[in-house]
Amino acid sequence: MDSASGVGGGGLDPSSASGSGEGGGGDGSTAAPPSRYESQKRRDWNTFLQYLKNHKPPLALERCSGAHAIEFMKYLDQFGKTKVHVTGCPYFGQPNPPGPCQCPLKQAWGSLDALIGRLRAAYEENGGMPESNPFGARAVRIYLREVRESQAKARGIPYEKKKRKRHKVTAAAAVLSVASSDVVGGGGSNSGGGDVGGGGSGGGPGSTAAAVAVTTTTV
């Protein structure tokens, strides 16, 4: 499945994915290069800003809504590389069609889902408020779910969540009893009186309580 194509693999409009200023300054300091995720997030953000600039009429970032985020995803379909069969196609629902067809190429659901995650983070990193984040809108989540379900039917490839291994952590606390020289009642014994980590003195009332937590991890 080519879920990483299009959005994540350089399939966007080349003119909108450049000029992110990743080269750093000339002060001679050695800065760590940005991660692949950060570089892709910056390119996605620049692409979205260019989309807003070219929008008719031009759209300000602070006026964006979930509807505009959905509109942007539909715009990206023209750069997609995933064949999505239409209902009337003889290969509808077949994961491995035996021949070519005229069905459109679109962005795979996995690509769009990852894209929205990056844009949602970039929006807030660039000063946007979480409560007004268009990429976190309920309408966007509904649209992504509909794309996932429709593509699963059209391509005959169900999307299943990867099962994560859950680690069971059980903590058993063993509390040592409080020992006091007064309870023992002895006067001049040098037995240590039950102190943990011991003091060696038997006459004083110094009692110590220690809690030991034992943690076991099972997969």
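- Going by what an unreviewed UniProt entry lists, the protein chain is known as ALOG domain-containing protein and is assigned to Cinchona calisaya.
- Checking UniProt for the protein chain, the heading Subcellular location (unreviewed entry) contains the comment "Nucleus".
- What UniProt states about the protein chain under its Sequence similarities (unreviewed entry) heading is, verbatim, "Belongs to the plant homeotic and developmental regulators ALOG protein family."

**Quick look at the overall build of the protein chain**
Phase 1: If you tally the helices and strands in the protein chain, you get five helices and four strands.
Phase 2: Going from the N terminus to the C terminus, the protein chain shows its helices and strands as α-α-β-β-α-α-β-α-β.
Phase 3: Relative to its 219 residues, the protein chain shows a buried fraction of 30%.
Phase 4: Considering only contacts within the protein chain whose residues lie at least 6 apart along the sequence, 67% involve residues at least 24 apart.

**What to know about helix α3 (residues 109-125)**
Phase 1: Taking 1.5 Å of rise per residue, the 17 residues of α3 would be expected to cover 24 Å, and the 25 Å separating its terminal C-alpha atoms lies within 8% of that figure.
Phase 2: If you check which residues of α3 are buried, you get W109, G110, S111, L112, L115, I116, R118, L119, A122 and Y123.
Phase 3: In this structure, the buried side of α3 is in contact with α1 (36-54), α2 (66-76) and α4 (138-155).
Phase 4: Positioned one or two residues after α3, G127 has a phi angle of 100°, which is positive.

**A word on the nonpolar core**
Phase 1: Grouped together as the largest cluster of nonpolar side chains are 23 residues, with contacts concentrated most on F48, M73 and F135.
Phase 2: Contributing elements (two or more residues each) for this core: α1, α2, α3 and α4.
Phase 3: The greatest single-element share of this core, amounting to seven residues, is contributed by α3.
Phase 4: Setting aside residues up to four positions removed in sequence, M73 forms contacts with L112, I116, V140, Y143 and L144.

**Observations regarding the packing of aromatic side chains**
Phase 1: Using the criterion set out here, one finds ten aromatic pairs in the structure.
Phase 2: Ring geometry for W45 and F48: centres 6.1 Å apart, planes at 35°, overall tilted. With W45 and F48 both in helix α1 and three residues apart, this pair spans about one turn of that helix. F48 matches W45 in its accessibility class, with the two residues each being buried.
Phase 3: Summarising the aromatic geometry, the rings of Y51 and F72 are spaced 5.1 Å apart at their centres and angled 55° between planes, so their arrangement reads as tilted. Residue Y51 is found in helix α1, and its partner F72 is found in helix α2; the two are separated by 21 residues along the sequence.

**Structural notes on unusual backbone geometry**
Phase 1: Cis geometry is adopted by the peptide bond preceding P57, which originates at K56 and carries an omega value of -5°.
Phase 2: Note on placement: P57 falls in the loop between α1 and α2.

**Let's talk about the pattern of salt bridges**
Phase 1: Counting across every chain of the model gives three salt bridges.
Phase 2: E125 serves as the salt-bridge partner of K41, at 2.6 Å between the closest nitrogen and oxygen. With a gap of 84 residues between them, K41 in helix α1 and E125 in helix α3 connect regions that are remote in the sequence.
Phase 3: Among the ionic pairs, R118 bridges to D44, the shortest N-O distance being 2.4 Å. With R118 in helix α3 and D44 in helix α1, this pair connects stretches of sequence that are 74 residues apart.

**Points about the environment of Y51**
Phase 1: Judged by relative accessible area, Y51 falls into the buried class, the value being 12%.
Phase 2: It is 7.7 Å that separates the C-alpha atoms of Y51 and F72, two residues lying 21 residues apart in sequence.
Phase 3: If sequence neighbours within four positions are ignored, Y51 has contacts with E71, F72 and Y75.

**Quick notes on a positive patch on the surface**
Phase 1: A cluster of basic residues, R120, R138, R141 and R145, forms a positive patch at the surface.
Phase 2: A total of three residues in the positive patch trace back to one element, the largest contributor, which is α4.
Phase 3: Among the secondary structure elements, R120 is positioned in helix α3.

Rules used in this analysis
- Residues numbered from 1 in each chain as written.
- Predicted model: local features only at pLDDT ≥ 70, side-chain atom pairs only at ≥ 80, totals over all residues.
- Heavy atoms only, no water.
- UniProt positions renumbered as here; feature names shortened; annotations may be inferred.
- Helix = DSSP H or I, 4+ residues; strand = E, 2+ residues; numbered from the N terminus.
- Buried < 20%, exposed > 50% of the residue type's maximum accessible area, 1.4 Å probe, protein only.
- Contact = heavy atoms within 4.5 Å.
- Expected span 1.5 Å × (residues − 1).
- Core = buried A, V, L, I, M, F, W, Y, C linked by side-chain atoms within 4.5 Å.
- Phe/Tyr/Trp six-rings, centres within 6.5 Å; stacked < 30°, edge-to-face > 60°.
- Salt bridge = Lys/Arg side-chain N within 4 Å of Asp/Glu carboxyl O.
- Patch = residues over 30% accessible without salt bridge, like charges linked within 9 Å, V, L, I, M, F, W, Y side chains within 5 Å.
- Areas by Shrake-Rupley, 256 points an atom, 1.4 Å probe, with all protein chains shown as cover.
- Lys, Arg positive; Asp, Glu negative; His and termini not counted.
- Charge placed at Lys NZ, Arg CZ, Asp CG, Glu CD.

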